[in-house]
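# Architecture at a glance
Spelled out from the first residue to the last, the chains are:
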Amino acid sequence: MKKLDNADQLLQQGKYLEAIVLLEEIHCANPEEESVLLMLAWAHHDSGATAKAVAYLETLLQRELQRKIFTGFAFDELVRIYKQEKNFRKLTEICTSAVAAQPEDTGLLIELGNAYLLAGQARAACGIFEKLVHLENDNPASYCRFGEALFAAGMTAESEAAYLRAGEIDPDQVDHYYFKIADLFAESGCYEEAKRLLEACIAANPAKAVYHCCLGDVLIGLGRVFEAQAQYETAIHYDNSSAGAYYNRLGNMLARRNYHSEAVEAFRRALKIEPDNSVYLRHLALSYKALGLMDITKDLSENIQ
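For helix α9 (residues 140–152), built from 13 residues, the straight-helix expectation of 18 Å at 1.5 Å per residue is met to within 8% by its first-to-last C-alpha distance of 19 Å. Residues of α9 that are buried in the fold lie against α7 (106–118), α8 (122–135), α10 (156–169) and α11 (174–187). The distance from a side-chain oxygen at the start of α9 to the backbone nitrogen of Ala 141 is 3.0 Å, and the residue carrying that oxygen is Asn 139. Looking one or two residues beyond α9, the residue adopting positive phi is Gly 154, at roughly 90°.

And the structure:
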């Protein structure tokens, strides 16, 4: 169809309003042609008229939901738009509609569970991901999603059990699942629990440097700075090529907890390895400033490019 080709060319040239006029004419003549509806949605979206784009996509979605085979083109676009806009109410609405039409579709269940988490409805997400683990009871990723939702809902013991179940299913990667639940505990400030699980990670895979760094971070949170420094030294032992980055990370973690004297030493070690790194130098200057050593701070600042 010549008009459609012309509209496509206009879209490629960024002439959205002209393309929309042609596409509207084609749509009026062929209201069932879904490719035209999709082009109209994209044209409006690219022109900045997001509300009109959403209206066309929702029309397409209603058609998709009525079919036995769910194509999901409009659904995927709407999910992307609602996430960008942080419109989590609409996101959960369309995901709920999609799951109602295709209740056994694991991909749609994942989208709905994630939508509930984004909307702050952790209990609802738990229900969705619990259904998912029943559908895929041999899939460790499903248990991880369930564990994340349980943790968000405040059910930390149940969350840990879900992650450990993932490790039972995939024993070769058990440290990976210990690490995921340890990270959730660490982010929530539950450092003792995080420490216990990170120690389990290290027992399963002692040569992975990041585990030692994360255990060091947790130990700093517990005020056990000497032990934290030892863990970072162990990380460097296993991955000496990243020594400068590890010392810089250690310095930043110490500085966040106001251990600036120890942070200065960490940044100085990082700079000994990478003397021209202006980022490390800036971090060192900030810790000296926090210690009130303004003369040293001034001298360092003059060397920062």
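What follows continues from the structure just given.
For the rest of this paragraph, the subject is the packing of helix α5 (residues 73–85) against α7. At a minimum axis separation of 13 Å, α5 and α7 run at an interaxial angle of 15°. With respect to α7, the element α5 is oriented roughly parallel. α7 is crossed by α5, and the crossing has left-handed handedness. Of the residues in α7, those in contact with Phe 75, Val 79 and Lys 83 of α5 are Leu 108, Glu 111 and Leu 118. Residues that form the contact of α5 with α7 fall into these classes: 4 nonpolar, no polar and 2 charged.

With that settled, consider the pattern of salt bridges. Applying the stated rule across the entire model yields 12 salt bridges. Two residues, Arg 196 and Glu 160, come together in a salt bridge whose shortest N-O distance is 2.9 Å. Within this pair, whereas Arg 196 is found in helix α12 (residues 191–204), its partner Glu 160 is found in helix α10, the two being separated by 36 residues in sequence. Glu 168 serves as the salt-bridge partner of Arg 165, at 3.1 Å between the closest nitrogen and oxygen. Taken as a pair, Arg 165 and Glu 168 lie in helix α10 at a separation of 3 residues, close to a single helical turn. Taken together, the shared-partner salt bridges in this structure form one network comprising Glu 58, Arg 89, Lys 90 and Glu 93.

Turning next to the state of the cysteines. Disulfides are covalent bonds that link the sulfur atoms of two cysteine residues. Across all of its chains, the model carries 0 disulfides by this definition. Among the cysteines around Cys 213, which has no disulfide bond, Cys 214 carries the closest sulfur, lying 6.7 Å off. Classification of Cys 213 as buried rests on a relative accessible area of 0%.

Under the definition given, this model contains 2 aromatic pairs. Consider the rings of Phe 151 and Phe 185, whose centres lie 5.1 Å apart with planes at 80°: the pair is edge-to-face. Taken as a pair, Phe 151 in helix α9 and Phe 185 in helix α11 lie far apart in primary sequence, 34 residues in all. Take Phe 151: its relative accessible area is 12%, and that puts it in the buried class. The cationic tip of Arg 165 hangs over the ring face of Tyr 143; the distance from NZ or CZ to the ring centre is 5.9 Å.

Calculation rules
- Residues numbered from 1 in each chain as written.
- Predicted model: local features only at pLDDT ≥ 70, side-chain atom pairs only at ≥ 80, totals over all residues.
- Heavy atoms only, no water.
- Helix = DSSP H or I, 4+ residues; strand = E, 2+ residues; numbered from the N terminus.
- Expected span 1.5 Å × (residues − 1).
- Contact = heavy atoms within 4.5 Å.
- Polar contact = N/O pair within 3.5 Å; in protein donor to acceptor, adjacent residues only side chain to side chain.
- Axes fitted to C-alpha atoms, helices over the stretch in contact; angles between N-to-C directions.
- Parallel < 35°, antiparallel > 145°, perpendicular 65-115°, else oblique.
- Left-handed = near helix turned anticlockwise from the far one by under 90°.
- Nonpolar A, V, L, I, M, F, W, Y, C, P; charged D, E, K, R; others polar.
- Salt bridge = Lys/Arg side-chain N within 4 Å of Asp/Glu carboxyl O.
- Disulfide = S-S within 2.5 Å.
- Buried < 20%, exposed > 50% of the residue type's maximum accessible area, 1.4 Å probe, protein only.
- Phe/Tyr/Trp six-rings, centres within 6.5 Å; stacked < 30°, edge-to-face > 60°.
- Lys NZ or Arg CZ within 6 Å of the ring centre and 35° of its normal.

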